[in-house]
Amino acid sequence: AVLPFASIHPDREHDYFADGITEELISAISRIQGLDVIARTSVVRYKGSDARIAEIARELNVGVVLEGSVRKAGDQLRVTVQLINAESEGHLWAEDYDREFREIFAVQRDIASQVAAALRLRLRAPEAERIGKAPTEDLAAYDLYLLGRHSLNLRSDPGIRQAIASFQRAVERDGD
């Protein structure tokens, strides 16, 4: 299970970015053969939860949990990730990524690859290629896309209107 990443930013308006990173990692990691990844809708209820990893894992019936946090400040990005054995609550792998925002796709690719390695799974060439493919070169469009996904997941009329506006702006920036 990939738990919702925490947004380490004083402004709650940046939560969309952490939520987007969570969804992107769920998608990337679910492409790894041999891994069953719990759907976002099943883990979103744990956002901000102080429940123990063992308890969450038991409820979700999983053996390994990925959790983390994201901080985006201007062009700087910090992603902290921990892969945890649910039974022992011990770390299988942990890493801090201090990068420029333009390297966000490389960070996501690295996290998915490191999860596979920590679980002793071997990425096949097609999997590695899919995980490593950047969806766009325009980071502002990507940011708008993440905002749109977050807004859509609010499942409200204002959220849907915001999602449509964000997606339209993203397409205007990067219509490929």
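Presented here is an overview of the structure given in this document. Note that this is a predicted model, so its numbers are computed, not measured.

1. Side note on the overall build of the protein chain
Item 1. Tallying secondary structure elements over the protein chain gives seven helices and four strands in all.
Item 2. Projected onto the principal axes, the alpha-carbon positions of the protein chain cover approximately 45 × 35 × 25 Å.
Item 3. Here the protein chain, with 176 residues, has 42% of them falling under the buried criterion.
Item 4. Looking at the protein chain as shown, the accessible area adds up to about 9,800 Å², and 46% of this sits on carbon and sulfur atoms.
Item 5. Charged side chains of the protein chain number 23 positive and 29 negative; the gap between the two group centres comes to 3 Å.

2. Quick word on a nonpolar patch on the surface
Item 1. A cluster of nonpolar side chains, namely Leu152, Ile160 and Ile164, defines an oily patch on the protein surface of about 230 Å² accessible area.
Item 2. As for its placement among the helices and strands, Ile164 is situated in helix 7 (residues 157-173).

3. Topic: the sheet that holds strand 3 (residues 76-85)
Within a sheet, neighbouring strands are paired by backbone hydrogen bonds and run either parallel or antiparallel to one another.
Item 1. Spatial ordering of the open sheet is given by 1-2-3-4, a layout of four strands whose pairing is mixed. Two strands in the sheet have a free side with no partner beyond their single neighbour: strand 1 (6-7) and strand 4 (91-100).
Item 2. In the packing of helix 1 (residues 15-30) onto the sheet, the strands contacted are strand 1, strand 2 (64-73) and strand 3, and the crossing angle to strand 2 comes to about 140°.
Item 3. Strands in contact with helix 4 (residues 104-118) are strand 2, strand 3 and strand 4; relative to strand 4, the strand with the most contacts, it is inclined by about 170°.

4. Some remarks on the environment of Asp96
Item 1. Along the polypeptide, Asp96 turns up in strand 4.
Item 2. For Asp96, a relative accessible area of 39% corresponds to the partly exposed category.
Item 3. C-alpha of Asp96 to C-alpha of Arg78: the two residues are 18 residues apart in sequence and 7.1 Å apart in space.
Item 4. Every residue in contact with Asp96, bar those within four places of it in the chain, is listed here: Arg78, Val79 and Thr80.
Item 5. Within polar-contact distance, the side chain of Asp96 engages the side chain of Arg78 at 3.3 Å.
Item 6. Here the side chain of Asp96 touches Thr80 through a polar contact of 3.1 Å, side chain to side chain.

Rules used in this analysis
- Residues numbered from 1 in each chain as written.
- Predicted model: local features only at pLDDT ≥ 70, side-chain atom pairs only at ≥ 80, totals over all residues.
- Heavy atoms only, no water.
- Helix = DSSP H or I, 4+ residues; strand = E, 2+ residues; numbered from the N terminus.
- Buried < 20%, exposed > 50% of the residue type's maximum accessible area, 1.4 Å probe, protein only.
- Areas by Shrake-Rupley, 256 points an atom, 1.4 Å probe, with all protein chains shown as cover.
- Lys, Arg positive; Asp, Glu negative; His and termini not counted.
- Charge placed at Lys NZ, Arg CZ, Asp CG, Glu CD.
- Patch = residues over 30% accessible without salt bridge, like charges linked within 9 Å, V, L, I, M, F, W, Y side chains within 5 Å.
- Salt bridge = Lys/Arg side-chain N within 4 Å of Asp/Glu carboxyl O.
- Pairing = 2+ DSSP bridges.
- Contact = heavy atoms within 4.5 Å.
- Axes fitted to C-alpha atoms, helices over the stretch in contact; angles between N-to-C directions.
- Polar contact = N/O pair within 3.5 Å; in protein donor to acceptor, adjacent residues only side chain to side chain.

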